[in-house]
Amino acid sequence: MLGNQQGKSLRRYVPDYVVYDLETTGTSCKRDKIVEIAAIKVIGGKATEEFSSLVNPECPIPYGASQVNGITDEMVAGEPVLHDVLPRFLEFVGELPLVGHNIISFDMKFIYRECREVFKKIPDNDLVDTLPLARLCLPELAHHRLTDLAEHYHLSTAGAHRALKDCQMTMQVYEELGKALAGAMKQAKTCPRCGGILELRNGRYGRFWGCSGYPSCRYTENA
Ligand SMILES: [Zn+2]
């Protein structure tokens, strides 16, 4: 569970996993703090158990962050601090792969930073980021935010941006992507430099194909 290196990043459907989401005081994984953690344990594609906790960040929550997630200073005042919530979260997760939307670039960075501080180690659970899976399976969509995907699959987005609701949406999205993934992988363009999968991305000058191995592989080609 806790180790010295990150788990593997998986690009496939796994039926047993924990989907999780964080709400934070902002977008900096160096400075900002966690204000909510939620997770759902999924076994055989079915939700079996939920975890949800507000977290007192021990600092004021910026107005802009409260506007997004609806979490205010008053709401977290009497809540446990992260040092108390983090061990309970990790115990809930156990050895299962962690699934989430954009977790590689965002949520995992917060979790790794805080675990390094508290435990001097990081979780070595395998990871499934639904953002690259969505880009692969649904290249026709202009954007791949969680709410875009929920709308695409006609899922309810009421209550979005609170952690447990986002977990429910991510779980449903992952289950849908799982059905499309094998076919999408077969048709996927591969990177001539590293053999990784090429993803359609939005750049300043329009759409282009970029290697999913970015930033270690920087191969691109015109779409
Ligand atoms: Zn590559």
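That block above? That's the structure.
Conventions and cut-offs
- Residues numbered from 1 in each chain as written.
- Predicted model: local features only at pLDDT ≥ 70, side-chain atom pairs only at ≥ 80, totals over all residues.
- Heavy atoms only, no water.
- Salt bridge = Lys/Arg side-chain N within 4 Å of Asp/Glu carboxyl O.
- Buried < 20%, exposed > 50% of the residue type's maximum accessible area, 1.4 Å probe, protein only.
- Helix = DSSP H or I, 4+ residues; strand = E, 2+ residues; numbered from the N terminus.
- Pairing = 2+ DSSP bridges.
- Axes fitted to C-alpha atoms, helices over the stretch in contact; angles between N-to-C directions.
- Donors = N, O, S within 2.8 Å, 3.2 Å for Na, K, Ca; no water.
- Tetrahedral: all angles 85-135°; square planar, octahedral: opposite > 155°, others 65-115°.
- 1 Å grid on protein atoms, 1.4 Å probe; cavity = no way out; pocket = protein on both sides within 12 Å on 5 of 7 lines; lining within 4 Å.
- Points joined across faces, edges and corners; volume = space filled by probe spheres on them.
- Domains from an automatic or database assignment.

*Asks:* Account for the pattern of salt bridges, naming residues and giving values.
*Replies:* Inspection of the entire model under this criterion finds 9 salt bridges. Among the salt bridges present, the one from Glu-49 reaches Lys-41, with a minimum N-O distance of 3.7 Å. Residue Glu-49 is classed as partly exposed on the basis of its relative accessible area, which comes to 40%. The closest approach of N and O atoms between Lys-189 and Glu-221, which form a salt bridge, is 3.1 Å. With Lys-189 in the loop between α7 (163-187) and β8 (198-203) and Glu-221 in strand β10 (residues 220-222), this pair connects stretches of sequence that are 32 residues apart. Of the residues examined, Lys-189 reaches a relative accessible area of 33% and is grouped as partly exposed.

*Asks:* If you had to explain the pairing of strand β4 (residues 46-54) to someone new, which residues and values would you point to?
*Replies:* The pairing of strand β3 (residues 34-43) with β4 spans 8 bridges and is antiparallel. Among the inter-strand pairings, Lys-41 is bridged to a residue of β4, identified as Glu-49.

*Asks:* How would you summarise the sheet that holds β10 if you had to cite specific residues and measurements?
*Replies:* The antiparallel open sheet is built from 3 strands, whose spatial order is β8-β9-β10. At either end of the open sheet lies a strand with only one pairing partner, and these are β8 and β10. Adjacent strand axes in the sheet meet at a mean angle of 35° when their direction is disregarded.

*Asks:* How would you explain the coordination of the zinc ion if you had to name every residue and give the values?
*Replies:* Only Cys-191 (SG), Cys-194 (SG), Cys-211 (SG) and Cys-217 (SG) from the protein reach the zinc ion as donors, at distances of 2.2 to 2.3 Å. One can describe the site at the zinc ion as tetrahedral: its 4 donor atoms subtend angles covering 96 to 118° at the metal. Each donor residue of the zinc ion lies on the same chain, and together they follow the pattern C-x2-C-x16-C-x5-C. Taken together, the residues Cys-194 in the loop between α7 and β8 and Cys-217 in the loop between β9 (206-211) and β10 connect sequence positions 23 residues apart. Judged by relative accessible area, which is 44%, Cys-194 ranks as partly exposed.

*Asks:* Could you give an account of the layout of surface pockets, with specific residues and numbers?
*Replies:* Reported here for the largest pocket is a volume of approximately 820 Å³. Taken together, 34 residues line the largest pocket, and the ones lying closest to its centre are His-101, Asn-102, Arg-145, Leu-146 and His-161. At the level of secondary structure, the elements contributing two or more residues to the lining of the largest pocket comprise β2 (17-24), α1 (63-69), α5 (130-137), α6 (146-152), α7 and β8. Top contributing element to the lining of the largest pocket by residue count: β2, with 5 residues. Both domains that furnish three or more residues to the lining of the largest pocket are identified here as domain 1 (2-185) and domain 2 (189-222).

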